[in-house]
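# Examination of the molecular architecture
Chain by chain, the residues:
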Amino acid sequence: MALFKTENRRSNKTFSVLPRHLGIIMDGNGRWAKRRGLPRTAGHRAGADVFKAISKECGRLGIEQVTFYAFSTENWKRPKEEVDTLMKLFHDFLLTAKKNIEESDDMRIRFIGEREGLDPELLRLMDEAEIETADKPGTVINLAINYGGRQEIVSAVNRLIAEGKTQITEQDISDKVYTLPDCDLIIRPSGEQRLSNFLLWQAAYGEFWYSDVLWPSFKVRDLHKALRDFENRNRRFGG
């Protein structure tokens, strides 16, 4: 079975309004495992399965772009065993994606974040996945790996300076950050209510939805709750 195989894509009769760009902070894997007397690594494995299910549903609904916060620049501080497990999960995910790339319907895979510090083999698989799905016309799945919102803005400004810019506008930075358009809705499960250095530029007028559900227990119905709440909000964009 393909990793992202979807059926009846865009046959969405459930929501009258959907975010163009959805951000998801996949939080609570470690606590989920601890509550069950399991190692934190087991939580990450369970969380990877939820990522696949939620990605598939976002594709079915026809959301234009979804950015998942998978591994932050600060996550390197975690115990080596946990970091190694996460990197192996990314590696295994990409191997699976590669095997099923021709059957993966029309979803596109992209990776955002800094490449420095990542294993060369992982980088190779990331590049291959991006190239092989580059022409897919459907939902863009952004995986934020070795990512930090402040780092993203600094990187954008440095690239503009390297191009010879002496005055930088908001639009200049918007054009250089990793993702467009701006993020309409950010979902954070696990009970935490903070951005944690995620999509700082893109979330300037984003809506937020929090839940006490830990990420490995997050279901499609929880995604639908968040989308229903977003549908009923009155967005004024500061006006």
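As the structure is a prediction and not an experimental result, all values here were calculated from the model. (Residues numbered from 1 in each chain as written. Predicted model: local features only at pLDDT ≥ 70, side-chain atom pairs only at ≥ 80, totals over all residues. Heavy atoms only, no water.)

Attention shifts here to the overall build of the protein. Check the secondary structure of the protein and you find seven helices and six strands. Mapped from its N terminus to its C terminus, the protein presents α and β elements in the order β-α-α-β-α-β-α-β-α-α-β-β-α. Expected size for 239 residues packed as a compact globule is a radius of gyration near 18 Å; at 18 Å, the protein falls within 12% of this value. By its C-alpha atoms, the protein is 55 × 45 × 35 Å across when sized along the principal axes. Here the protein holds 239 residues, and the buried ones make up 52% of them. Carbon together with sulfur atoms contributes 49% to the accessible area of the protein, which is approximately 12,100 Å² in total. Separation of charge centres in the protein, based on 38 positive and 36 negative side chains, amounts to 5 Å. (Helix = DSSP H or I, 4+ residues; strand = E, 2+ residues; numbered from the N terminus. Rg over C-alpha atoms; globule rule 2.2 N^0.38 Å. Buried < 20%, exposed > 50% of the residue type's maximum accessible area, 1.4 Å probe, protein only. Areas by Shrake-Rupley, 256 points an atom, 1.4 Å probe, with all protein chains shown as cover. Lys, Arg positive; Asp, Glu negative; His and termini not counted. Charge placed at Lys NZ, Arg CZ, Asp CG, Glu CD.)

Taken together, the six strands give an open sheet; going across it, the order is β3-β4-β2-β1-β5-β6, and neighbouring strands pair in parallel fashion. Strands at the two margins of the open sheet, each flanked by one partner only, are β3 (108–112) and β6 (207–210). Ignoring which end each strand starts from, the neighbouring axes of this sheet average 20° apart. The pairing of strand β2 (residues 65–72) with strand β4 (residues 140–147) spans seven bridges and is classified as parallel. Paired with Tyr69 across the two strands is Ala144, which belongs to β4. Running at roughly 160° to β2, helix α2 (residues 40–61) makes contact with β1 (21–25), β2 and β4 of the sheet. (Pairing = 2+ DSSP bridges. Axes fitted to C-alpha atoms, helices over the stretch in contact; angles between N-to-C directions. Contact = heavy atoms within 4.5 Å.)

One finds Leu22, Ile24, Ile54, Phe68, Phe111, Ile187 and Trp215 to be the most contacted residues of the largest nonpolar core, which totals 41 residues. Residues contacting Leu22, with those up to four places away along its chain left out, are Cys58, Ile63, Gln65, Val66, Thr67, Cys183, Leu185, Ile187 and Leu223. Membership of the second largest hydrophobic core comes to eleven residues, among which are Ile112, Ala144, Cys183 and Ala203. (Core = buried A, V, L, I, M, F, W, Y, C linked by side-chain atoms within 4.5 Å.)

What follows deals with the environment of Lys52. Secondary-structure assignment places Lys52 in helix α2. Separated by 41 residues in the primary sequence, Lys52 and Phe93 have C-alpha atoms spaced 9.5 Å apart.

Another aspect to go through is the packing of α2 against helix α7 (residues 220–231). Where α2 contacts α7, the two axes come as close as 10 Å, and the packing angle between them is 50°. In terms of orientation, α2 and α7 fall into the oblique class. For α2 against α7, the interelement crossing comes out right-handed. Residues Ala53, Ile54, Glu57, Cys58, Arg60 and Leu61 of α2 pack against Val220, Leu223, His224 and Leu227 of α7. Considering only residue class, the contact of α2 with α7 consists of seven nonpolar, one polar and two charged. (Parallel < 35°, antiparallel > 145°, perpendicular 65-115°, else oblique. Left-handed = near helix turned anticlockwise from the far one by under 90°. Nonpolar A, V, L, I, M, F, W, Y, C, P; charged D, E, K, R; others polar.)

This paragraph deals with the side chain of Gln202. Relative to the helices and strands, Gln202 resides in the loop between β5 (185–188) and β6. Setting aside residues no more than four positions away along its own chain, Gln202 makes contact with Tyr147, Glu152, Val177, Tyr178, Thr179, Asp182 and Cys183.

Our next topic: the pairing of β1. Judged by how many residues are buried, β1 sits mostly within the fold: five of five residues are covered. On β1, burial covers both faces: His21, Gly23 and Ile25 on one face and Leu22 and Ile24 on the other are all buried. Pairing analysis gives five bridges linking β1 to β2, with the strands arranged parallel. Of the residues in β2, the one forming a bridge with Leu22 is Val66. Taken together, the three bridges between β1 and β5 define a ladder with parallel strand orientation. Counted as the bridge partner of Leu22 is Leu185 from β5.

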